[in-house]
Amino acid sequence: MIRKKDPDKKSQKERVGERVTIHLRGRMWWCYYQLDGRQRRESLKTSNKKEARRAALLIDADLIRGVHEAQPEPASISEVVAMVLSYMEQENRAPKTLAAYRHVYRDFQEFARARNKSKVHQINLRLIDEYREARRAAGKAPKTIWKETAIIRRLVRFALSRKLILRDPLEGLQNPQPRPTEQPCWSPEELEQIIDAAGGTLKLIFILLADTGMRLGELQWLVWEDFIFDQKYIHIRPKEDWSPKTGESRRVPMTERVYEEFRRLPRTHRWVFTRGVSLRYPDGGRQISPTRTLRALKRLLKRIGMSQDGKVHTFRHSFISKALAKGIPATTVRSWVGHVSDEMLRRYTHVLEQDSRAGIERFAAKETDSSNDQADEASEQEKDGGSVEEG
């Protein structure tokens, strides 16, 4: 049996320019050309022949000028994730940061896989819109969604920088930072109420947080060598498996209370703060758990009748607010607590604004009381037949 030639077959293949041939595969047009002694195939990402010709002519012009780069083999999301995390480890990024990136990438890969998206070039604006809407529907805060979007954006930018993709599929992505929400902050009296209600190791943790403004992660990794008692300062510095948020060391001066409380403590273990003994760890000595510390704080706040909006990080907010209220320069506060942006400092001043409002209310109340006193005095003098004299 002799097969008849398909009359449309010729129209499915066409030479464009000097070096490029376009060919219809299924519904999409592809182009073929020679580069570096090898035949290359590249999708033109269109089903329209005129658009395919136009795209092919641009490739042909680049080939003639010697500037065309062959489209790389599609890189999978998982491959690029591994490369990004490896690069971040080489940068000595903090373990907490790496854990956050791993968590976001794992969730995003599951989300993309459920939509048959496994390649980096498939991470487009529509997929990001769907992801953000799904996170919003799951009750995630705007700040969380903003951070996760930025982490995914970094994945695509990394692929671009390594030429794993030649075109940015997220071009035009808008990811404005949400307006910061007001953070809870305790007054000096509330801080002392919390400290007085605590006991044992928890009390020492709260004292150090309240009097230094350090982060809980920094406190968790303190060793006794970090306490320089003869010069009354604490050295926040990187350890073998951990580094501060900014990666930089700093010295935090001790208050008299910190000095007196800690200089007489027994140095049983390497870590300053440790958990109690257990069946698995009969000798104790394990570092404290941030999660358990937060739970203990929440229970204490409930017991003493204070709002449970407060977190362990609220000690840091309160320290900075108190320092600014005492007139300590922002540069000095930064040297104590580490990196704090100007925007964050403005957020911390909300307590000062509350004090300012309370002050003007007291001022106005005194003025009103004074006016009322003068009116009463004038009325009494009129009753006595006297007059109100100036002076």
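A brief structural summary.

Rules of the game
- Within each chain, residue numbers correspond to sequence positions counted from 1 in written order.
- Note on the predicted model: pLDDT of at least 70 is required for a residue's local features to be given, and 80 or more for side-chain atom pairs to be given and counted; whole-chain, interface and lining totals, by contrast, use all residues.
- To get the side-chain values, all heavy atoms of the structure are used, and hydrogens and water are removed first.
- Helix and strand definitions follow DSSP, with helices as H or I runs of at least four residues and strands as E runs of at least two, each counted in order from the N terminus.
- Summary of the burial criterion: residues with accessible area below 20% of their type's maximum are buried, those above 50% are exposed, and those between are partly exposed, where the area comes from a 1.4 Å probe applied to protein chains only.
- The contact definition used throughout considers only heavy atoms, calling two residues in contact when any of these lie within 4.5 Å.
- To measure how exposed things are, a 1.4 Å probe is used in the Shrake-Rupley method; for residues, cover is taken only from the protein chains shown.
- The rule for pairing is simple: two strands pair if DSSP sees at least two bridges between them.
- The angle between two axes is taken between their N-to-C directions and runs from 0 to 180 degrees, where each axis is a line fitted to C-alpha atoms and a helix contributes only its stretch in contact.
- The distinction between a cavity and a pocket rests on a 1 Å grid over the protein atoms alone: a 1.4 Å probe fits inside a cavity but cannot get out, while a pocket stays open yet meets protein on both sides within 12 Å along at least five of seven lines, and a residue with an atom within 4 Å of a point counts as lining.
- Grid points are joined across faces, edges and corners, and a volume is the space filled by probe spheres set on the points.
- Classification used: nonpolar for Ala, Val, Leu, Ile, Met, Phe, Trp, Tyr, Cys and Pro, charged for Asp, Glu, Lys and Arg, polar for all others including Gly.
- A pair of aromatic rings is counted whenever rings of Phe, Tyr or Trp (Trp by its six-membered ring) have centres within 6.5 Å, and the orientation is called stacked for planes under 30 degrees apart, edge-to-face for over 60 and tilted otherwise.
- Remark: a charge is flagged as sitting over a ring if the NZ atom of Lys or the CZ atom of Arg is within 6 Å of the ring centre and within 35 degrees of the ring normal.
- Residue types Ala, Val, Leu, Ile, Met, Phe, Trp, Tyr and Cys, when buried and joined through side-chain atoms within 4.5 Å, form a set referred to as a nonpolar core.
- Put simply, a salt bridge is a Lys or Arg side-chain nitrogen that is within 4 Å of an Asp or Glu carboxyl oxygen.

1. Quick word on the overall build of the protein
Next, step 1: Helix and strand counts for the protein stand at 14 helices and 7 strands.
Next, step 2: Split into buried and exposed, the 391 residues of the protein put 36% on the buried side.
Next, step 3: Within the protein, residue pairs in contact and separated by at least 24 positions form 55% of the contacts whose partners lie at least 6 positions apart.
Next, step 4: Counting every atom, the protein has about 24800 Å² of accessible surface; 48% of that belongs to carbon and sulfur.

2. Describing the sheet that holds strand β3 (residues 28–35)
Next, step 1: Pairing is antiparallel in the open sheet, where 4 strands are placed in the order β1-β2-β3-β4. A single partner strand is all that each edge strand has here, and the edge strands are β1 (13–16) and β4 (38–43). The sheet shows a mean angle of 25 degrees between the axes of neighbouring strands, taken without regard to direction.
Next, step 2: The sheet contact formed by β1 and strand β2 (residues 20–25) spans 4 bridges and is antiparallel. By the bridge assignment for β2, Arg15 is matched with Thr21.

3. Topic: the layout of surface pockets
Next, step 1: Considered as a void within the structure, the largest pocket measures approximately 2300 Å³ in volume.
Next, step 2: As for the largest pocket, its lining consists of 50 residues, and the residues nearest its centre are Lys96, Lys143, Lys147, Lys245 and His313.
Next, step 3: Of all the elements in the fold, those that place two or more residues in the lining of the largest pocket are α3 (95–113), α5 (142–161), α8 (216–220), α10 (290–303), α11 (314–325) and α13 (342–348).
Next, step 4: Per-element tally for the lining of the largest pocket: the top contributor is α5, with 8 residues.
Next, step 5: The class makeup of the residues in the lining of the largest pocket is 22 nonpolar, 15 polar and 13 charged.

4. Points about the packing of aromatic side chains
Next, step 1: Applying the stated criterion to the full structure yields 14 aromatic pairs.
Next, step 2: Between Phe111 and Tyr131 the ring centres are 5.3 Å apart and the planes differ by 80 degrees, which places this aromatic pair in the edge-to-face class. Taken as a pair, Phe111 in helix α3 and Tyr131 in helix α4 (residues 125–137) lie far apart in primary sequence, 20 residues in all. Residue Phe111 shares its accessibility class with Tyr131, and that shared class is buried.
Next, step 3: These aromatic residues form a ring-pair network of at least three members: Trp224, Phe227, Phe229, Tyr259, Phe262 and Phe273.
Next, step 4: Over the ring of Trp30 we find Arg25; its NZ or CZ atom is 5.0 Å from the centre of that ring.
Next, step 5: Just above the ring of Trp30 sits the side chain of Arg41; from NZ or CZ to the centre is 5.1 Å.

5. Details of the nonpolar core
Next, step 1: Counting 37 residues, the largest nonpolar core has Phe206, Leu208, Phe227, Phe262 and Phe273 as its most contacted members.
Next, step 2: Listing elements by their share of this core, those giving two or more residues are α6 (188–197), α7 (200–212), α8, β6 (233–236), α9 (256–263) and α10.
Next, step 3: Broken down by element, this core gets its largest block of residues, 8 residues, from α7.
Next, step 4: Not counting residues within four places of it along the chain, the set of residues in contact with Phe273 comprises Thr201, Leu204, Ile205, Leu208, Leu219, Leu222, Phe262, Arg286, Gln287 and Ile288.
Next, step 5: Core analysis: the next-biggest nonpolar cluster, separate from the first, contains 29 residues, Met88, Ile151, Ile152 and Leu155 among them.

6. Quick look at the pattern of salt bridges
Note that side chains of opposite charge can pair when their charged atoms are close.
Next, step 1: Under the criterion given, the structure shown has 21 salt bridges.
Next, step 2: Between Arg257 and Asp211 there is a salt bridge, with the nearest N and O atoms lying 2.9 Å from each other. Linking Arg257 in helix α9 with Asp211 in helix α7, this pair joins segments that are 46 residues apart in sequence.
Next, step 3: With a relative accessible area of 26%, Arg257 lands in the partly exposed category.
Next, step 4: The partner of Arg237 in a salt bridge is Asp226, and the shortest N-O contact between them spans 2.5 Å. In this pair, Arg237 sits in the loop between β6 and β7 (250–253) while Asp226 sits in the loop between α8 and β5 (227–228), placing the two residues 11 residues apart along the sequence.
Next, step 5: For Arg237, a relative accessible area of 24% gives the class partly exposed.
Next, step 6: You can call Asp226 buried: its relative accessible area is 0%.
Next, step 7: Here the salt bridges share partners, and the residues they tie into one network are Glu14, Lys49 and Arg53.

7. Looking at unusual backbone geometry
Next, step 1: Located in the positive-phi region is Asp36, a residue other than glycine, with phi close to 55 degrees.
Next, step 2: Position of Asp36 among the secondary structure elements: in the loop between β3 and β4.
Next, step 3: The phi torsion at Asn116 lies on the positive side, around 60 degrees, for a residue other than glycine.
Next, step 4: Since its relative accessible area comes to 68%, Asn116 is described here as exposed.

8. Points about the environment of Thr149
Next, step 1: With respect to the secondary-structure elements, Thr149 resides in helix α5.
Next, step 2: Separated by 17 residues in sequence, Thr149 and Arg132 have C-alpha atoms that sit 7.7 Å apart.
Next, step 3: Sequence-distant contacts of Thr149, defined by excluding residues within four places in its chain, comprise Ile128, Arg132, Leu173 and Asn175.

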